[in-house]
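# Observations on the three-dimensional arrangement
Each chain is listed here by its residues.
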Amino acid sequence: MMGRRGALRTEPPAPLLFEGESMQAKMLLRTKRSVESRLAVALAVVAVAVAIAFAFTGMALAEPNQQPKTTHELQGRENCLTCHPVGGGVKPSPANHASYSNATCLGCHPVGGAAPAAAAKPPAQPTTPPAEPSRPASPAAQAPAPSPPATAQPPDPLEQLGGETSKPVPPAPAPAPSCIDCHKNPGLSMALGNGDKLSLTVNEADMNQSVHQGKLSCTDCHSRITGVPHKKVQFSSKREYSIAQYEACKRCHFANYTKTLDSMHYKVMASGNQNAPLCTDCHGYHSVSIPNEPRTKISLSCGKCHTDVYETYSKSVHGAALMNGGSADVPVCTDCHGAHVIRDTSSASFRNNTPEMCAKCHSDATMMGKYGLSPNVFKTYAQDFHGATVSLTKRQSGDSWTAKAVCSDCHGVHNIKSFKNEEPAQVRQDVMVACQKCHSDTSNNFPEAWMGHYQLSLEKTPLPFLVRSFYWVMIPFMLVGLLLHIVVDLWRIARNR
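Here is what the cut-offs are and how they apply
- Residues numbered from 1 in each chain as written.
- Predicted model: local features only at pLDDT ≥ 70, side-chain atom pairs only at ≥ 80, totals over all residues.
- Heavy atoms only, no water.
- Helix = DSSP H or I, 4+ residues; strand = E, 2+ residues; numbered from the N terminus.
- Buried < 20%, exposed > 50% of the residue type's maximum accessible area, 1.4 Å probe, protein only.
- Contact = heavy atoms within 4.5 Å.
- Areas by Shrake-Rupley, 256 points an atom, 1.4 Å probe, with all protein chains shown as cover.
- Core = buried A, V, L, I, M, F, W, Y, C linked by side-chain atoms within 4.5 Å.
- Polar contact = N/O pair within 3.5 Å; in protein donor to acceptor, adjacent residues only side chain to side chain.
- Disulfide = S-S within 2.5 Å.
- pLDDT = per-residue confidence, 0-100.
- Axes fitted to C-alpha atoms, helices over the stretch in contact; angles between N-to-C directions.
- Parallel < 35°, antiparallel > 145°, perpendicular 65-115°, else oblique.
- Nonpolar A, V, L, I, M, F, W, Y, C, P; charged D, E, K, R; others polar.
- Phe/Tyr/Trp six-rings, centres within 6.5 Å; stacked < 30°, edge-to-face > 60°.

### Some words on the overall build of the protein
Per the secondary structure count, the protein includes 25 helices and 2 strands. Counting only residues that meet the buried cut, the protein has 16% of its 497 residues in that class. Across the protein, the fraction of contacts at a sequence separation of at least 24, relative to all contacts at a separation of at least 6, is 55%. For the protein, the computed accessible surface area is about 36600 Å², with 62% contributed by carbon and sulfur atoms.

Listed below in structure tokens is the structure:
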């Protein structure tokens, strides 16, 4: 009994252990088969997707006509990216088309509008078989056949066989479209905030004559234009648009632009006056030309704003010579006031530099010889009391004001006139009036003490000339006698010792 119980107790564990191992193996096998089936399904799905992708890609490459067609002819619009730039324009192209060429655009988007007419083809040759050599030819057949026109093309073999002909020869490409194609149309304008209309029509002839022709494109100055149609801009007036646009000049002419920042014109604009001249007011915008050709154009440009000054200047000896004969010797506005750095005429430095400014021309002996004027006017002025005082003040401090007379105090500024054709009595009267500006007690004989800007001579000023000659002889004689007296006295002292 004990043995049986022990056997009963020891035999069951073995079968239980084997059954547990069998269940675990079955579960692992099922899991393995499930994973393998899922991987197979996934691989099949990926293979089908890749096959479908390749199929669609092949269809797209094999049939480009499935892409959207262009709805207009290409004549005059061969550059697609002009109107269809990346990121803007008419039906803008996506950003990933940025590197596409014009040929690529036409490869995927064929012309869908009316195609240009194909080149005319000559009529097909007759298909009658040639005559046999043994049969004599008729006189008509012996006549030479007329030669085809020079422009005729040989017949297309496919056309003779009834098949499809070759592609038509495209016409010669037209010039690429440009801004002027639209802006040369009259009546093109833009509404402004104050109700005015800013004309956008550009004169093509003016553009072709500009100094910028062939050097700048439209968008070099109009940098806000980035696509077609243009982005709308808001300006309240034409002047506001000009002020916003003129700074485009500094991109190329930076040195001259910085000079204008020290000009009186810029100071006036900074004070709030928008009528101060800009670059485009003097030089123009679309028809920019050389500013000094002809030279009269300089003063005419200044006269647009300084009307009264221009009227006075045109009647002066300088202005009349310029306007009537176009003389290159007389000064224009920029010779005295500067071109880009317009100086303040009320400043002390401008007043102190006036004599040297006039001397640029009036000290030129060759130039003054043409008009019978003395080239020593600056020299004689610098030697008298007025000129010596102004020169001393300028050396001590160029910004110190002096009331001593300069050239413009006596001769005028814009109303300078010639004294050559006036009577001596009138000249003395004019001199007296000029002197009375500072010397209020001037009498009628006061101008007689002024010898003008001429150097002393026996013909013009005999008495002062003789007095000066006397001193030229007397002073050296006295100095030589004094030195001789000192030498003799020293010799006597040494001799007595």
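### Regarding the nonpolar core
What tends to happen in soluble globular proteins is that the nonpolar side chains get buried as a cluster. Counting residues in hydrophobic clusters, the biggest one holds 6 residues: Tyr246, Tyr257, Met269, Ala276, Leu278 and Cys279. For Tyr257, the contacting residues outside a window of four places in its chain are Tyr246, Glu247 and Lys250. Judged by nonpolar contacts, the second largest core, of 5 residues, contains Ile298, Tyr313, Leu322 and Val332.

### Description of the environment of Thr402
Along the chain, Thr402 turns up in the loop between helix H22 (385–396) and helix H23 (407–411). Separated by 50 residues in the primary sequence, Thr402 and Asn352 have C-alpha atoms spaced 7.8 Å apart. A polar contact is formed between the side chain of Thr402 and the backbone nitrogen of Lys404, at a distance of 3.3 Å.

### Side note on the side chain of Arg239
Within the secondary structure, Arg239 sits in helix H10 (residues 238–245). In this structure Arg239 comes out as buried when scored by relative accessible area, which is 19%. Ignoring sequence-local partners within four residues, the contact set of Arg239 consists of Gln274, Asn275, Ala276, Pro277, Leu278 and Asp281.

### Examining helix H19 (residues 354–362)
Turning to H19, its buried residues number three or more, namely Thr354, Pro355, Met357 and Ala359. Turning to H19, the residues buried within the fold contact helix H17 (333–337), helix H18 (348–352), helix H21 (377–383) and H23.

### What about the side chain of Ser374?
Its place among the elements puts Ser374 in the loop between helix H20 (365–370) and H21. A residue is classified by how much of its surface remains accessible, and Ser374, at 16% relative accessible area, is buried. In this structure the side chain of Ser374 is engaged in a polar contact, spanning 3.2 Å, whose partner is the backbone nitrogen of Asn376. Setting aside residues no more than four positions away along its own chain, Ser374 makes contact with His362, Met368, His453 and Tyr454.

### Quick notes on the state of the cysteines
This model, assessed by the stated rule, comprises 0 disulfides. Between Cys218, a cysteine without a disulfide, and Cys179, which holds the nearest cysteine sulfur, the sulfur-to-sulfur distance is 3.8 Å. With no disulfide of its own, Cys410 lies closest to Cys435 among cysteine sulfurs, the gap being 6.4 Å. Take Cys410: its relative accessible area is 43%, and that puts it in the partly exposed class.

### As for the confidence of the model for the protein
For residues with low pLDDT, the predicted coordinates do not support detailed interpretation. Here the protein shows a mean pLDDT of 78. Residues at 70 or above account for 74%. Predicted confidence in the protein is weakest over helix H5 (residues 139–142), with a mean pLDDT of 41, and strongest over helix H15 (residues 307–314), with 95. Ignoring residues within four places in sequence, the model shows residues 1–19, a span with pLDDT below 50, making 1 contact including any to other chains. Overall, residues 113–152 carries pLDDT values under 50, and its contacts beyond four positions in sequence, including any with other chains, amount to 12 contacts.

### Things to note about the packing of H15 against helix H16 (residues 317–325)
Where H15 contacts H16, the axes come no closer than 6 Å and their chain directions differ by 85°. Our classification of the angle between H15 and H16 gives roughly perpendicular. Residue-level contacts link Tyr310, Tyr313 and Ser314 of H15 to His318, Gly319, Ala320, Leu322 and Met323 of H16. Residues of the contact of H15 with H16, tallied by class, amount to 5 nonpolar, 3 polar and no charged.

### Remarks on the packing of aromatic side chains
In this structure the tally under the stated criterion is 3 aromatic pairs. Ring geometry for Tyr246 versus Tyr257: centroids 6.2 Å apart, planes at 45°, classification tilted. Here Tyr246, found in the loop between H10 and helix H11 (254–260), pairs with Tyr257, found in helix H11; they are 11 residues apart in sequence, far enough to count as distant. Look at Tyr246 and you get buried, because its relative accessible area is 7%.

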